[in-house]
Amino acid sequence: MFTTRLELPTELLVTARAAYRSGDWETSYAAFSRAGAVGPLSVDDMDTMATAAWRLGDAREAARIGELVYLRLTRTDPGAAATKAVELGAVWLSRGELGVGQSWVRRARALLAGTDAPVLVRLTYLETVLTVFSDDVELVAERAEVLREMSSTALDQTHPAVAGEAYYQLGEVRRRRGDVDAALAAYAAAHRRGVSPQPGAALLRCALGDVDTARAEVQAALAATSESADVEDRVRLLRGAVEIALAGGYLDEAEQYFRELVTLESADALLRGAILVRRGRYREALTALRSALREPRIRRSAPEITRVHRWIDEAHRGLAARG
């Protein structure tokens, strides 16, 4: 007769904690999961399990568990809940999920209202990141001044990836507004924090007339990410590559990049319209470009709206030239 030995929750927790301390994230996560199936985990154990999931590369599972930790802390320790909300906000922002990240930042701010907890520095930093994404330069400057008053170099040490992305987006804002030196400085700051300055830096060079260098830079960046699982980074690079190829008159290359872009996300109507303009298919281009003006991503950005209208004007000029 065969018998199966059932592991007690206590034994599973000992295994999970020991594996975590030794860096065996897979064993730790699996043991915590089995223990949680038998009985509820403590808040500390759930938090540790979330970290193990994060180390395994499962960001969504880590966030799911972190949200459960947050809900339990709101009932027992609002200050700790606020810290957890800040952590979750940073995780989602680092993944490019602005809406979700912003919701966690707002929860943290509500919990910390009227306090001077140390985590306020990091929270204010994340609020600055969100401001950068909003394309509001004046508000960015205001937030940056608040941060300078609160701390210095400790900000980069808390979450360098988020810092790097913030500097990249600041570079994008400055590039679109024509502030070349400030944009280059922001891209350099992003690079120092481990975030690629592409395609923004290449697009800036392209705008300055150095199309060949811009093309080489974005091609090198695409080659470096060809095996990457980060689809968002690839999409961003491909959009830039299409723009640069069009600027240099490399239409086949632009279409090649665009075809890959379509396989990764829904088609970009602006870029499709631009390619059609350059191919002389003006009426099709106008249909695509008018569709682009209805896209939320375009409608949120005045510079993008301006780009669409420039292509629309070029399409009309092409039609007029044909009589």
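Going by the structure above, here's the rest.
These figures come from a predicted structure and were not determined experimentally. (Residues numbered from 1 in each chain as written. Predicted model: local features only at pLDDT ≥ 70, side-chain atom pairs only at ≥ 80, totals over all residues. Heavy atoms only, no water.)

Student: Give me the overall build of the chain: which residues, what numbers.
Tutor: Secondary structure summary: the chain contains 19 helices and 0 strands in total. Looking at the chain residue by residue over its 323 residues, the buried ones come to 42%. The long-range fraction of contacts in the chain, counting pairs at least 24 apart against all pairs at least 6 apart in sequence, stands at 51%. (Helix = DSSP H or I, 4+ residues; strand = E, 2+ residues; numbered from the N terminus. Buried < 20%, exposed > 50% of the residue type's maximum accessible area, 1.4 Å probe, protein only. Contact = heavy atoms within 4.5 Å.)

Student: Can you explain the pattern of salt bridges? Please cite residues and give values.
Tutor: Applying the stated criterion across every chain, the model contains 17 salt bridges. Residue R109 pairs with E127 through a salt bridge whose shortest N-O separation is 2.8 Å. Taken as a pair, R109 in helix α6 (residues 98-112) and E127 in helix α7 (residues 120-133) lie far apart in primary sequence, 18 residues in all. Taking relative accessible area as the criterion, E127 reaches 10% and is therefore assigned buried. The partner of R307 in a salt bridge is E243, with the nearest N and O atoms 3.4 Å apart. (Salt bridge = Lys/Arg side-chain N within 4 Å of Asp/Glu carboxyl O.)

Student: Tell me what's going on with the packing of helix α14 (residues 231-248) against helix α15 (residues 251-264), and back it up with residues and numbers.
Tutor: One can describe the packing of α14 onto α15 by two numbers: an axis separation of 8 Å at closest approach and a directional angle of 155°. Relative to α15, the element α14 lies roughly antiparallel. Crossing geometry of α14 relative to α15 is assigned as left-handed. Judged by residue contacts, V231, R234, V235, L238, R239, A241, V242, A245 and L246 of α14 engage L251, E253, A254, Y257, F258, E260, L261 and L264 from α15. (Axes fitted to C-alpha atoms, helices over the stretch in contact; angles between N-to-C directions. Parallel < 35°, antiparallel > 145°, perpendicular 65-115°, else oblique. Left-handed = near helix turned anticlockwise from the far one by under 90°.)

Student: Describe α6, listing the residues and the values that go with them.
Tutor: Over its 15 residues, α6 extends 21 Å from the first C-alpha to the last, a length consistent with the 21 Å expected when each residue adds 1.5 Å. Following α6 by one or two positions, G114 adopts a phi angle in the positive range, close to 80°. (Expected span 1.5 Å × (residues − 1).)

Student: So, the packing of α15 against helix α16 (residues 269-278): which residues are in play, and what are the values?
Tutor: Where α15 meets α16, the axes come as close as 11 Å, and the angle between the chain directions of the two elements is 155°. The angle between α15 and α16 falls in the class roughly antiparallel. Between α15 and α16 the crossing geometry is left-handed. The residues of α16 that touch α15, namely those facing L251, A254, E255, F258 and L261, are L271, R272, I275 and R278. The class makeup of the residues in the contact of α15 with α16 is 6 nonpolar, no polar and 3 charged. (Nonpolar A, V, L, I, M, F, W, Y, C, P; charged D, E, K, R; others polar.)

Student: Outline the nonpolar core, supporting the account with residue identities and numerical values.
Tutor: Counting 40 residues, the largest nonpolar core has V242, I244, L246, L270, V277, V308 and W311 as its most contacted members. Mapped by element, the contributors of at least two residues to this core are α12 (200-207), α13 (211-224), α14, α15, α16, α17 (282-292) and α19 (302-322). Looking at which element gives the most residues to this core, the answer is α14, with 8 residues. Discounting residues that sit within four places of it in the chain, V277 has contacts with Y282, A285, L289, W311, E314 and A315. Grouped together as the second largest cluster of nonpolar side chains are 33 residues, F32, A50, W92 and L112 included. (Core = buried A, V, L, I, M, F, W, Y, C linked by side-chain atoms within 4.5 Å.)

Student: Lay out the packing of aromatic side chains with the relevant residues and their values.
Tutor: Applying the stated rule across the entire model yields 3 aromatic pairs. Note on Y20 and W25: the rings are 5.3 Å apart at their centroids and 65° apart in plane angle, and the pair reads as edge-to-face. Note on W25: relative accessible area 21%, which makes it partly exposed. Taking the ring centre of W104 as reference, the NZ or CZ of R107 above it sits at 4.1 Å. It is R215 that lies over the ring of Y250; its NZ or CZ is 3.6 Å from the centre. (Phe/Tyr/Trp six-rings, centres within 6.5 Å; stacked < 30°, edge-to-face > 60°. Lys NZ or Arg CZ within 6 Å of the ring centre and 35° of its normal.)

Student: Can you tell me about the environment of E67, naming the residues and giving the values?
Tutor: Residue placement: E67 occurs in helix α4 (residues 59-76). A residue is classified by how much of its surface remains accessible, and E67, at 27% relative accessible area, is partly exposed. It is 9.6 Å that separates the C-alpha atoms of E67 and A50, two residues lying 17 residues apart in sequence. Ignoring anything within four residues of it in the chain, the contact list for E67 reads L88, W92 and W104.

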